[in-house]
Each structure stands twice: as structure tokens, then as C-alpha cells.
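One letter stands for each residue in the lines below.
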Amino acid sequence: MTALTQETVAALPEAVAVPSYDRSRLTVGIVHIGVGGFHRAHQAMYLDRLMNEGKAHDWAICGVGVLPGDARMRDALIAQDGLYTLVLKHPDGTREARVIGSITDYLFAPDDPEAVIEKMADPTVRIVSLTVTEGGYNIHPVTGAFDAGSPAIRADLEPGAVPATVFGLVTEALRRRRARGLVPFTVMSCDNIQGNGEVARHSFTAFARLVDAGLADWIEAAVAFPNSMVDRITPVTTDEDREAVTELFGVLDAWPVTCEPFTQWVLEDDFSRGRPPFEEAGVQVVADVEPYELMKLRLLNAGHQALCYFGYLSGHRYVHEAATDPAIAKFLLDYMDLEATPTLRPVPGVDLDGYKRTLIERFSNAEVRDTLARLCAESSDRIPKWLLPVVREQLAGGGPVTRAAAVVASWARYAEGADESGEPIVVVDRLRERLMAAAKAQRQRPTAFIEDRELFGDLADDERFVEPYLRALESLHAKGARATVRWLAG
Ligand SMILES: NC(=O)c1ccc[n+]([C@@H]2O[C@H](COP(=O)([O-])OP(=O)(O)OC[C@H]3O[C@@H](n4cnc5c(N)ncnc54)[C@H](O)[C@@H]3O)[C@@H](O)[C@H]2O)c1
Ligand SMILES: O=P(O)(O)OC[C@@H](O)[C@@H](O)[C@H](O)[C@H](O)CO
């Protein structure tokens with residue numbers, strides 16, 4: 001069996017769309033840090049779309065991996081000349097497969113940080129884009145301040161250190177561009193964070209300020225950090241996905257990506273050195289992204305959190321199972337209608353009721369096989385960024401928080417680390433030990449979990465939040481998740 005490469009791609013069966021453009025003539029214009037499933041289902045796909053139309057041939061992507069775990073992506077992509085298969089899974093069971101050709105190079109920072117820095121300092125590179133997860137920006141969940149205390153950041157700040165973090169690498173590349181009299185690149189965050197551009201600006205300038213105040217001032221003034229709303233449900237690739245691609249094409253793809261058919265990207269038009277004509281590939285380029293971001297993060301992402309812990313504790317393992325459980329679906333819709341929607345701004349051209357109905361349909365797509373475990377992971381980076389702002393705004397306006405408080409309670413119950421039959425739950429979170437210790441303590445001291453002020457600020461002092469939180473937690477302990485969600489869904 002042969003591997004997917006530039007040589008074998010030409011001979012793939014007709015059912016698989018392949019790049020129609022000459023990849024040897026592409027030049028790199030974008031360096032992307034954090035090449036995971038989502039980047040390959042989204043930004044790289046939009047560029048491939050443009051390239052197939054004869055556009056953006058000077059905007060190919062050089063992928064970069066920063067963490068040790070990215071060695072697997074390095075091996076997969078380099079062996080395949082950057083090619084991979086993107087498979088869209090329609091709810092009726094049909095599949096649409098396309099080989100994406102827009103990533104032409106891949107650099108692994110731990111192998112050669114200098115090559116990564118010089119690539120970003122190269123004048124032909126005009127955008128450095130990021131999907132480094134919500135936690136990747138080192139922002140304190142409550143104060144929003146840049147946290148320079150982690151060992152990796154401290155190591156990058158040592159005089160003469162060879163940069164290893166995204167902050168060290170990008171800042172050094174910007175320093176070289178400034179020293180060489182070059183215009184800086186745009187830093188384009190594509191992570192699920194409200195004001196992702198602003199957050200990136202804040203983090204990168206805060207880091208740079210600890211290195212060189214003049215450089216930080218230059219970054220603040222000269223580097224563009226556009227905000228964006230990004231959306232496409234992209235589960236973790238499984239061995240079954242790999243096997244299905246092999247069966248379909250007769251070639252081996254070490255790391256295909258599967259996702260839902262839906263895709264959306266709303267992008268602020270703020271670039272230091274130009275951009276590809278994204279709007280010609282279906283991207284909505286707008287002046288103000290905020291209403292779209294709020295809608296997506298508070299309905300879709302916080303909605304994911306609303307169903308994942310209750311779903312898991314009710315015995316489901318897949319998102320579609322939880323989304324089609326009538327009590328959970330009703331609870332989710334009530335959260336969206338009664339608690340999240342009042343905190344949104346009018347979204348130009350969007351009917352919110354239609355958007356919410358579409359969300360339930362997307363979550364219910366059984367073909368996508370997105371796991372609840374993926375949604376339950378790294379909750380300490382998600383709940384404070386997506387759900388707690390809803391709680392705070394509702395409290396400020398005197399609105400209800402019963403369901404949002406119950407979602408936090410379901411997280412607290414999940415973090416106890418055992419399900420309702422006593423089976424262990426693998427809690428995946430950078431704060432795992434701290435969360436699990438607090439969750440264990442709540443059997444004696446019920447507010448123990450929400451007393452963590454680093455995550456919850458002063459919510460534990462607000463009776464309007466604590467009361468529904470404790471009621472939900474008590475019910476989860478006494479009656480279990482199914483009964484609790486049925487009771488909440490009324
Ligand atoms: N998967 C989705 O459905 C989806 C949809 C919209 C947006 N996103 C955004 O994309 C992000 C990544 O999702 P994914 O599905 O591609 O995940 P993934 O696990 O497939 O890839 C994550 C990538 O980020 C890198 N990374 C993580 N922490 C980092 C750090 N501190 N510094 C540098 N690199 C770091 C990893 O090494 C990896 O390359 C999400 O956190 C989210 O913000 C994901
Ligand atoms: O990937 P995360 O950590 O930002 O969040 C988990 C999911 O809510 C998220 O991946 C959604 O599937 C995605 O945001 C849909 O566009």
C-alpha cells in the first residue's frame with residue numbers, strides 16, 4: 001500500500017477531489033503555529049479553495065509545531081509532502097473527501113528553533129496565524145493579565161535563552177524584522193477566545209515588554225492582531241477514520257481530518273501586510289467581529305459545556321447521543337434561550353432562533369462522532385472564558401443563572417473523577433490535581449469547588465449564583481445526572 005504523497009495524489013480515484021493547482025509553484029506567505037485537526041479543517045481548507053480557483057498562490061502555509069507532541073504531525077505531514085485528506089461527514093452518511101494542498105512545509109521548533117524564527121522573519125511571510133488552544137495565551141482567567149510565571153515562559157525570558165514557546169519564537173522573529181527594517185507580519189489568532197486578536201495583542205506585547213520595552217511599543221503600534229470568529233466541529237481523528245480513508249482511496253493517509261460539513265469564519269479586516277482574498281472563499285470579512293464571537297462562544301461553545309458533563313454522567317459518550325437525549329436537549333435550549341441569548345448583541349444578518357436550531361442539528365449529527373471526552377477536556381480553560389461571562393452579565397442585569405450554575409455543578413461533579421457507577425473518569429485538565437482535590441472536598445464542604453478564586457473570582461460570595469449551584473450539586477449527588485437534568489428541564 002502506498003502513502004499519500006505528491007507523487008501518488010495524481011492517481012487517486014475520481015471520488016476524491018485533489019489540488020488542481022501546481023503546488024511546486026506555491027510560495028509561503030503564512031506561518032501557522034499549532035497545526036492540529038481544526039487548522040487543517042478550516043484555514044488550510046479556505047486557502048486550498050482559493051488556490052483551486054487560481055488565487056492566493058503566494059499564501060501557502062508553513063506549519064509549525066512547538067510542543068513535543070507535535071513530532072507526530074511533523075512525521076505525518078513531511079512524509080506526505082504536506083498533503084492530507086479532509087473528509088466531511090454529512091448527517092445522511094455520505095462523505096465528501098478532498099486532498100488539501102495548501103500546507104507546503106512543516107517545521108518542528110524543538111528540532112530547529114532557528115529555522116522557525118528565520119521563516120517568520122522572512123519578508124515573504126506576511127501572516128503568522130495561531131491555533132494554540134484557549135490556554136495557549138497564558139491569560140489569567142479572572143484578571144485577564146498575562147501570566148509570566150510558568151516555567152516555560154520563565155525559561156524563554158532568561159538572558160540568551162533559545163526561544164521554545166510561541167511567545168519567545170514570535171517575539172524574536174518580530175525583533176529581527178524590526179532590526180532589519182521590515183514591516184511586521186500580522187498575528188492572526190484562530191482560537192475560540194472572545195476578542196482573540198485583542199487577547200493575542202495583550203499576551204505578545206506583555207511578553208515582549210519583559211524582553212525589551214522598545215520592541216513592545218513597536219509591536220503595539222505596528223503589528224495587526226485581527227479578531228475572528230471561527231467555527232467547524234472537528235473531532236479528534238480516530239484509527240477508524242484512517243482505515244476508512246484507506247478503503248476509499250487505496251492509499252495510506254497517516255493523519256486525515258474529519259469534520260462536519262458546516263464551516264464559518266468571520267474575520268476583522270485588520271492586516272499589517274495584506275491578506276489573501278479570503279472573502280472570495282466564503283469568509284465573512286467585517287469591521288466588528290464581536291457580535292458573532294459572542295453568539296458562537298456563548299451558544300455553541302458554552303452550549304457544548306452545557307451538555308458534555310450532564311451527558312457523560314448520564315452514560316453517553318458521544319455528543320450526538322447527549323444532544324438527542326430529550327431532557328438534555330431541552331436543558332441546552334433553555335440555557336441558550338433564557339440565559340445566553342439575553343447577553344448577546346444583535347448579530348447582523350443572523351436569525352438567532354434559526355442559529356440555535358442549526359446548532360442542535362449540528363450537535364445531533366451522528367456521523368461526526370464527536371466525543372464528550374473532547375468537550376470535557378481542559379474545562380478550566382473553557383468554563384471561565386465562555387460560560388462565566390454569561391453568569392456575570394446575567395447577575396449584573398438581574399437575569400436568571402439557574403442553568404449556567406447547574407452546568408458548573410455538573411463540571412464539579414464530573415471532576416470528582418468517578419461516574420455514577422463508580423467507574424473512573426479520566427479528567428484531562430492542566431489543573432487536574434487542584435480541581436479533583438476541590439471536587440473531592442465538596443462532599444463535606446459543598447462550595448469547595450467554586451471557592452477557587454483563580455477560576456471563579458468572587459462568584460462563591462454571590463448567593464444568587466451559589467443557591468442554584470448548590471441545589472444542582474445536591475441533586476447530582478442525591479439523584480444523579482439524568483434525574484437532575486430532567487428536573488432542570490422542567
Ligand atoms: N476542534 C474544533 O472543533 C475547533 C473548532 C473551532 C476552533 N478550534 C480552536 O482550535 C484549537 C485547537 O483545536 P484542534 O482541534 O486543532 O486541537 P489539536 O489538539 O488537534 O491541536 C492543537 C494544536 O495546538 C498546539 N498547542 C496546544 N497548546 C499549545 C501551546 N501552549 N503552545 C503552542 N502550541 C500549542 C498543539 O501542539 C497542537 O498542535 C482549539 O483550542 C480552539 O481554540 C477548534
Ligand atoms: O476546541 P476547544 O477547546 O476550543 O473547544 C471544544 C469545542 O467546543 C470546540 O472545539 C467546538 O467544537 C468548535 O469551537 C466548533 O467550532
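Procedures and definitions
- Residues numbered from 1 in each chain as written.
- Chains lettered and ligands numbered in written order.
- Predicted model: local features only at pLDDT ≥ 70, side-chain atom pairs only at ≥ 80, totals over all residues.
- Heavy atoms only, no water.
- Near = heavy atom within 4 Å.
- Polar contact = N/O pair within 3.5 Å; in protein donor to acceptor, adjacent residues only side chain to side chain.
- Areas by Shrake-Rupley, 256 points an atom, 1.4 Å probe, with all protein chains shown as cover.
- UniProt positions renumbered as here; feature names shortened; annotations may be inferred.
- Helix = DSSP H or I, 4+ residues; strand = E, 2+ residues; numbered from the N terminus.
- Nonpolar A, V, L, I, M, F, W, Y, C, P; charged D, E, K, R; others polar.
- 1 Å grid on protein atoms, 1.4 Å probe; cavity = no way out; pocket = protein on both sides within 12 Å on 5 of 7 lines; lining within 4 Å.
- Points joined across faces, edges and corners; volume = space filled by probe spheres on them.
- Salt bridge = Lys/Arg side-chain N within 4 Å of Asp/Glu carboxyl O.
- Buried < 20%, exposed > 50% of the residue type's maximum accessible area, 1.4 Å probe, protein only.
- Pairing = 2+ DSSP bridges.
- Axes fitted to C-alpha atoms, helices over the stretch in contact; angles between N-to-C directions.
- Contact = heavy atoms within 4.5 Å.
- Domains from an automatic or database assignment.
- Buried area = accessible area lost by both parts, 1.4 Å probe.

Lining the immediate surroundings of ligand 2 are 13 residues, of which Glu134, Asp231, Lys296, His304 and Arg382 lie closest. A distance of 3.0 Å separates an oxygen atom of ligand 2 from a polar atom in the backbone of Arg232. Arg382 is positioned with one of its side-chain polar atoms (N or O) 2.6 Å from an oxygen atom of ligand 2. When ligand 2 sits alone it has 400 Å² of accessible area, and the protein chains cover 88% of it.

Glancing now at the UniProt feature "domain: Mannitol dehydrogenase C-terminal" (unreviewed entry) in the chain. With numbering aligned to this structure, UniProt lists the feature "domain: Mannitol dehydrogenase C-terminal" (unreviewed entry) at residues 288-476. Between the C-alpha atoms that bound residues 288-476 there is a distance of 41 Å. The span itself is 64% helix and 0% strand.

As a matter of local geometry, ligand 1 sits amid 21 residues, with Phe38, Asp70, Glu134, Asp191 and Thr234 nearest to it. Here Glu134 contributes a side-chain N or O atom positioned 2.6 Å from an oxygen atom of ligand 1. A distance of 2.9 Å separates an oxygen atom of ligand 1 from a polar backbone atom of Asn192. Surface burial for ligand 1 is 77%, taken as the share of its 820 Å² of free accessible area covered by protein chains. By residue class, the composition of the shell around ligand 1 is 8 nonpolar, 8 polar and 5 charged.

UniProt records the feature "domain: Mannitol dehydrogenase N-terminal" (unreviewed entry) for residues 29-279 in the present numbering. From the first C-alpha to the last, residues 29-279 spans 17 Å; its make-up is 36% helix and 20% strand.

What follows concerns the layout of surface pockets. Approximately 380 Å³ is the volume attributed to the second largest pocket. What lines the second largest pocket is a set of 18 residues, among which Lys89, Thr238, Glu240, Asp241 and Arg369 lie closest to the centre. Secondary-structure elements contributing two or more residues to the lining of the second largest pocket are strand E4 (84-89) and helix H9 (239-249). Per element, the largest residue contribution to the lining of the second largest pocket is 5 residues, and it comes from H9. Counted by class, the lining of the second largest pocket contains 8 nonpolar, 3 polar and 7 charged residues.

Applying the stated rule across the entire model yields 40 salt bridges. Its salt-bridge partner being Glu220, residue Arg209 comes within 3.0 Å of it at the nearest N-O pair. Of this pair, Arg209 sits in helix H7 (residues 196-211) while Glu220 sits in helix H8 (residues 213-222), and the two are 11 residues apart along the sequence. Accessibility expressed as a relative area gives 37% for Arg209, which makes it partly exposed.

Okay, the sheet that holds strand E8 (residues 186-189) next. Read from one edge of the open sheet, 5 strands run E6-E3-E2-E7-E8, paired in parallel fashion. Two strands bound the open sheet, and with one partner strand each, they are strand E6 (103-108) and E8. Neighbour to neighbour, the strand axes of the sheet diverge by 25° on average, direction disregarded. Bridge count between strand E3 (residues 60-65) and E6: 5 bridges; the pairing is parallel. Within E6, the position partnered with Val64 by the bridge is Leu107.

Before going further, it helps to examine empty space enclosed by the protein. Left-over empty space is what a probe sized like a water molecule reveals as it rolls over the atoms. In this structure the tally under the stated criterion is 3 cavities of 30 Å³ or more. One number sums up the size of the largest cavity: a volume of about 60 Å³. Taken together, Ile233, Glu260, His304, Val319, His320, Arg362, Phe363, Asn365, Val368 and Asp370 make up the full set of residues lining the largest cavity. Taken together, the elements giving at least two residues each to the lining of the largest cavity come down to helix H11 (319-323) and helix H13 (352-363). Residues of the lining of the largest cavity, tallied by class, amount to 4 nonpolar, 3 polar and 3 charged.

Bringing the side chain of His39 into the picture now. Tracing the sequence through the fold places His39 in helix H1 (residues 37-41). For His39, the side chain forms a polar contact with the side chain of His32, separated by 3.3 Å. Non-local contacts of His39, meaning those with residues more than four positions away in its chain, are made with His32, Gly34, Ala44, Ile61, Ile103 and Thr131.

Right, let's get into the environment of Asp48. Tracing the backbone shows Asp48 in helix H2 (residues 43-52). With a relative accessible area of 1%, Asp48 lands in the buried category. The spacing of Asp48 and Arg126 is 78 residues in sequence and 18 Å in space, taken between C-alpha atoms. Sequence-distant contacts of Asp48, defined by excluding residues within four places in its chain, comprise Pro19, Tyr21, Arg98, Val99, Ile100, Gly101 and Ser102. Polar contacts involving the side chain of Asp48 include one to the main-chain amide nitrogen of Gly101, which spans 3.0 Å.

To continue, consider the domain arrangement of the chain. The domain boundaries assigned to the chain delineate domain 1 (9-286) and domain 2 (290-489). On a C-alpha basis, the centroid separation for the pair domain 1 and domain 2 is 29 Å. The interface of domain 1 with domain 2 comprises 33 residues on the first partner and 30 residues on the second. Summed over both partners, the interface of domain 1 with domain 2 comes to about 2,500 Å²; 57% of that surface belongs to carbon and sulfur atoms. Viewed at the interface, domain 2 and domain 1 are joined by 4 salt bridges.

Looking now at the pairing of strand E11 (residues 264-268). Extensive coverage of E11 is indicated by the burial of 5 of its 5 residues. Of the two faces of E11, the one carrying Gln264, Val266 and Glu268 and the one carrying Trp265 and Leu267 are both buried. Sheet topology note: the E11/strand E12 (residues 284-286) ladder contains 3 bridges and is parallel. Its bridge partner lying in E12, Val266 is registered against Gln284.

This part covers the sheet that holds E11. Spatially, 3 strands are ordered E9-E11-E12 in an open sheet, and the strand pairing comes out mixed. Bordering the open sheet on either side are strand E9 (228-231) and E12, each of which pairs with just one other strand. This sheet shows a mean twist of 15° between the axes of neighbouring strands, independent of strand direction.

In the Ramachandran plot, Asp81 falls in the positive-phi region, its phi being about 55° despite a non-glycine side chain. Relative to the helices and strands, Asp81 resides in the loop between helix H3 (71-79) and E4. With phi around 55°, Asn138 is a residue other than glycine that occupies positive phi space. Tracing the chain through its elements places Asn138 in the loop between strand E7 (127-130) and helix H5 (151-157).

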